[in-house]
Amino acid sequence: MSPMRITIPAYALSALILGSLAAPATAHEDDPKILDRVPPISSKGFRRSVAQGAQATALGGAGMFQGTTFDSSGVQLLSWIPLNLIDGSQSGNDCWGYVSPTGREIGIIGTHSGTAFFDLSDPGNPLQIGYVDGPNSLWRDIKVFGHHAYSVNENSGGVQIIDLSNVDTGQVTQVGTVNGSGGTSTHNIVIDEVSGYMYRSGGDNNGLRMFDLNANPAAPTFVGQWNTKYVHDAQVVTYTTGPYAGRQVAFCCAGFNGGYGNTGLTIVDVTDKANPVIMGEAFYSNPAYSHQGWLSEDRTLFYLGDELDEDGTLPTTTHVIDVSNLNNPVTQGSFTNGNTAIGHNLYTHNGLIYAANYTSGLRIFDYASNPQNPLEVGYFDTWPSNDADSFNGLWSVYPYFPSGVVIGSDLERGLFVWYAGDPLLDVTVVGGAPALINPNGMALDITISEATAGQLAAGTAALVYNAGAGAINVPLTHVSGDQFTVDFPTLPCGSSVNWYITANSTSGLSWSAPSAAPSESFSSLVGFGTTDLALFEMESTGGWVSGTAGDNATTGFWTRGNPNGTAAQPEDDHTVAGTDCWFTGQANPGQSVGTNDVDGGSTTLVSPIFDLSGNPDARIEYWRWYVNNGNNSVDDSMYVEITDDGTNWVSVETLGPGHLEASGGWYQHTFMAADLISTTSAVQLRFRVGDLGSGSIVEAAIDDFRIKETDCSGGSMTIYCTPAVANSTFLPAVISGQGSTTVSDNDLTLTADQLPTNQFAYFLAATGSGLIASPPGSMGNLCLGGALARLNATLQIRFTGASGSIALQLDLTNMPTNPAQPVMAGQTWYFQAWYRDTLLTSTSNFTDGLQVTFQ
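Residues numbered from 1 in each chain as written. Predicted model: local features only at pLDDT ≥ 70, side-chain atom pairs only at ≥ 80, totals over all residues. Heavy atoms only, no water.

**Q** For this particular structure, what's the right way to read unusual backbone geometry?
**A** Keep in mind that most residues, glycine aside, have a negative phi and that most peptide bonds are trans. Residue Ala-513 is joined to Pro-514 through a cis peptide bond whose omega torsion reads 0°. Its place among the elements puts Pro-514 in the loop between strand S40 (510–513) and strand S41 (522–526). Phi is positive for Asp-204, close to 55°, though the residue is something other than glycine. Inspection of the secondary structure puts Asp-204 in the loop between strand S14 (197–201) and strand S15 (208–212). The class of Asp-204 is partly exposed, set by a relative accessible area of 39%. Of note in the backbone geometry, Asn-746 takes a positive phi value of approximately 45° without being a glycine. The topology assignment puts Asn-746 in the loop between strand S54 (734–739) and strand S55 (748–753). (Helix = DSSP H or I, 4+ residues; strand = E, 2+ residues; numbered from the N terminus. Buried < 20%, exposed > 50% of the residue type's maximum accessible area, 1.4 Å probe, protein only.)

Below you can see the structure in the form of C-alpha cells.
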C-alpha cells in the first residue's frame, strides 16, 4: 500500500517544545528519556465514529484529513485519545489489552499518574470505563493474567492488582498490592500465562522477582528471585513440546551495572524458582543497552531492540538471535528500515513484528516471509515533526486483539487505536465526490468492494448527509456485484451539505468514503453552478497588504512567501500546486520554535476591496493556520473581521487560547457575506494576530482565499452517461461545468479531467442525448444525439498537457452545429469531450456527459 498522510482536525500541538517538565522522582534516573521530555499534546483527539464538526470538505485522496498530519501506510486510525482526556497526566507509557469472557476488548494504557481502561467495543469511539490512580512515574508497565491486571512503576507502590471481572458493566477495581521482595520499584511486569507465574523485572537494580499467581491471583506469593544481572525486560514462556518440554524459560534483556555492562540476551531456566540457571547468552555488535525483545511465534528466533544504539548515525536496528538451541543462542545479524528513530518495544503476532519506535511511531514488519531481514509493510508515525533519535513519540504497542484492532501508547499523545491491515471493504464514490449537488436531486453511483466475498454486512451500506437539520441516513440500493446507487433528495439551492458513504464489515468495523467518516465528510454546495468572484492562491501579492494603523508588533509581521516550518508554523502552504502563502514572520531553517513569531503587539493582514454590490449570495472562504501556545490571555487571539464601508468592522470569527483550531493545522472557514454585512462595493477583510502581555508562541497563516456565488437561477447541470469507459490512466474521464446557466450571462466553462496526459482533445455539444457504444476508432461511448456541434476549430482544440485536463469557455451565441445556432433560454444541451489515447494501440475515448438546461 502506498504511503499517505493522515491529518487529524488539528486539536493537537498546543504545547509543543515550550520548555522541559521537571523530571519525576524515580529509581531509574540514568534513563535518558528524562532529558527529552516536553509537555503533552493537549487536544480533543479523534474518534472516527463521532462527527467532529465544521471541518468537513470534499477531499481528493482516501485517508486525507485536515489539520495535523500523520504519515501512514497500511494502517487506519480509528481513534486517538490524548492524555488531557484520560487523566491530565504529563506523559503516557505502556499499554496492554484484555478480552472479557463475552468478547469485549479492553485497551489498557499507563500514564504518569495511573492506569486507564478503555472499552473498545466501538474502536472508533473508545469509552474510558475505569482508572486506577498510582504513584507518579515516567515508567509504568501493565500485564494481564486471567481477569486481573498487574500494574507496576519505577517509583514506588509495588504491584497494583486490578480486578477486571466486571468490565462488561464498566467496573474496574484495585483489589490488592504486592510490596517488599526487593523494594517497591519495578521497571516491567512479566507474566507466563501457561505456568501462572509473574516476574517483576528491574527496579532498584533487581533482576527477576518471581510470584505464584495460581492459588490466588489477587494475592500473589513470592517464590524466588534471580539477581545475577539487572533485567530490564523479559519474556517468559513454558515449553510444552520438544526437547525443552516442561521447562519455564526467561528470555532476559539484561546486563551488569544497571543493564549497561555486558548487555545482551540472557536465557534463564526459571523452572525451579529457588535455583534459576543461566542456559545461554548472546551478544551483538555496537551494544549499548539491551532493552526489550520478543520471540518469533515458532520460538526459534528472538528479536531484540537496543534502546541506546541509535545515535543519529546508526539507523533503527533490531537484532536477530537464533534461540533454537537455548544453550547456544547465536546472533545472526540485524535488520533496519533505514529510519533514524530509536527502537523501543516490539511484539510478534501472525507473522508480523509490531514495533513502537518512538519518533517514527508504529512500524510493522513481515518476518514470516523473511525471518532474517523482515520487510516493513506498514507504519503510522505519531511524532510528525521528525524521526530524530530522541525519546519522544510511541512507547509501546499491543497487537493481540481478536478483532485485528491494534493499540499504541504515546509519551506525548496518549492512546492510539488502529486497524492494521488491508481494508475489508473499499468504499468509493464513482467519479469522485461532486463539488455541486443539483437542488432537484441527484443520483450517486457507489462501489463497495469486498476483500473476501461475504464481508459486507447486509443492509449497512448507506448515504449519511446533513444539510443543517441533523444527520439523515439513506440506504444504498444494490445494483449488481459491487455496484450500488443512491439518490440525494431535493435540497435548498445555495446551501451546503456534508455527507459520506458508509458500510460495515461482518467484523463490526465501519468502512467509509471518505475513509475517516464520520469525523471527516465530503462537503458539496447545492446549486446549478458556481462563479468565482475572487480567487487568491497567494502566489503573488494581489493587492493584499501587511500592516495597518495601530500595529505595534516587534517581530512576526505578516509576510508572503514559502514558510520554513517550525513546531508552530507551517512548512507548506495550503495550495496543492502552490508554494506561497501569507504567514507571520519567516524563521531560518533549524531555528527554534519562537524565532520571529509574533511578539510585542499586533500585526494585521488586509485584503483588497471587493465589489459585491451585485452578488447578494456571495460566499467567502479561506484557509487559515493559527497557533497560540503558552498564554491564556484572551488578547492573544486571531481576529478575523469584515467591513462594508471601510469604517465599521464586524467580527467573522475569533480564535482564542484553547480553541480547537488554535494549535496548528490548515482549517477552512466559510461564511455567507450577507449574514454579517451588506454586500456593497466596499467589502474588505482583515486578519489580526497579537502577542500581548506575557510571552507566548503565536503564529498564523492565510491561503486560498476565495469569494464565489452559487447559481440558483433555475437552470441546471446534471452528469449523465456515467461512468465513462476507463482510459490509459485506469480512470474514467469526467466532464463538469462551471459558471452560469443563464444564456444572457454567456459564462459557461466546460472542464474535462482525468484525461491521458499530452493528448489532443476537444468538446462536443448536441441538442439531444443518445448512446453509441464504441463508435469507429473509439473505445468509449458517444452519449449525444440530434444536431452535433464539434468544438474543434483551431482555437478550440485543446492539449491535455501534464495535468491531463482541458477547459473551454463556450460562446453561447454561436454553437457550431450545422447550421450554427445560438443557445436559447429553456433549451437543454448535452456535452461531452473526445480525446486521443494510447492503450496498446492508438485509439480515442469520451468523457461522461453533461446535461445543461439553460434559462
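So that's the structure; there's more coming.
**Q** How should the sheet that holds strand S19 (residues 261–269) be read in this particular structure?
**A** The pairing of strands in a sheet happens through backbone hydrogen bonds and is either parallel or antiparallel. The strand order across the open sheet built from four strands is S17-S18-S19-S20, with neighbouring strands paired in antiparallel fashion. Strand pairing shows two members of the sheet lacking a second neighbour, strand S17 (230–238) and strand S20 (277–282), which therefore form its edges. Sheet twist, expressed as the mean angle between neighbouring strand axes with direction ignored, is 25°. Pairing of S19 with S20, which is carried by five bridges, proceeds in the antiparallel orientation. Of the residues in S20, the one forming a bridge with Leu-265 is Ala-282. (Pairing = 2+ DSSP bridges. Axes fitted to C-alpha atoms, helices over the stretch in contact; angles between N-to-C directions.)

**Q** For this particular structure, what's the right way to read the environment of Gly-176?
**A** By the secondary structure assignment, Gly-176 is in strand S12 (residues 173–178). For Gly-176, a relative accessible area of 16% corresponds to the buried category. Separated by 43 residues in sequence, Gly-176 and Ala-219 have C-alpha atoms that sit 6.7 Å apart. Beyond its immediate chain neighbours, meaning those up to four positions away, Gly-176 contacts Val-159, Gln-160, Ile-161 and Ala-218. (Contact = heavy atoms within 4.5 Å.)

**Q** How do you make sense of the pattern of salt bridges when you look at a structure like this?
**A** Side chains bearing opposite charge may pair, as long as their charged atoms lie close to each other. Going through the model one piece at a time under the given rule, you end up with 13 salt bridges. For Lys-708, the salt bridge is made with Glu-621, and the minimal N-O distance between the two is 3.2 Å. You can see Lys-708 sitting in strand S52 (residues 697–711) and its partner Glu-621 sitting in strand S47 (residues 618–629), a full 87 residues away along the chain. Across this residue pair, the class does not change: Lys-708 and Glu-621 are buried. Among the ionic pairs, Arg-624 bridges to Glu-653, the shortest N-O distance being 2.7 Å. In this pair, Arg-624 sits in strand S47 while Glu-653 sits in strand S49 (residues 649–655), placing the two residues 29 residues apart along the sequence. Residues Arg-624 and Glu-653 agree in their burial class; the two are buried. A network of salt bridges, in which partner residues are shared, links Arg-104, Asp-119 and Asp-168. (Salt bridge = Lys/Arg side-chain N within 4 Å of Asp/Glu carboxyl O.)

Just distances and angles here, no functional claims.
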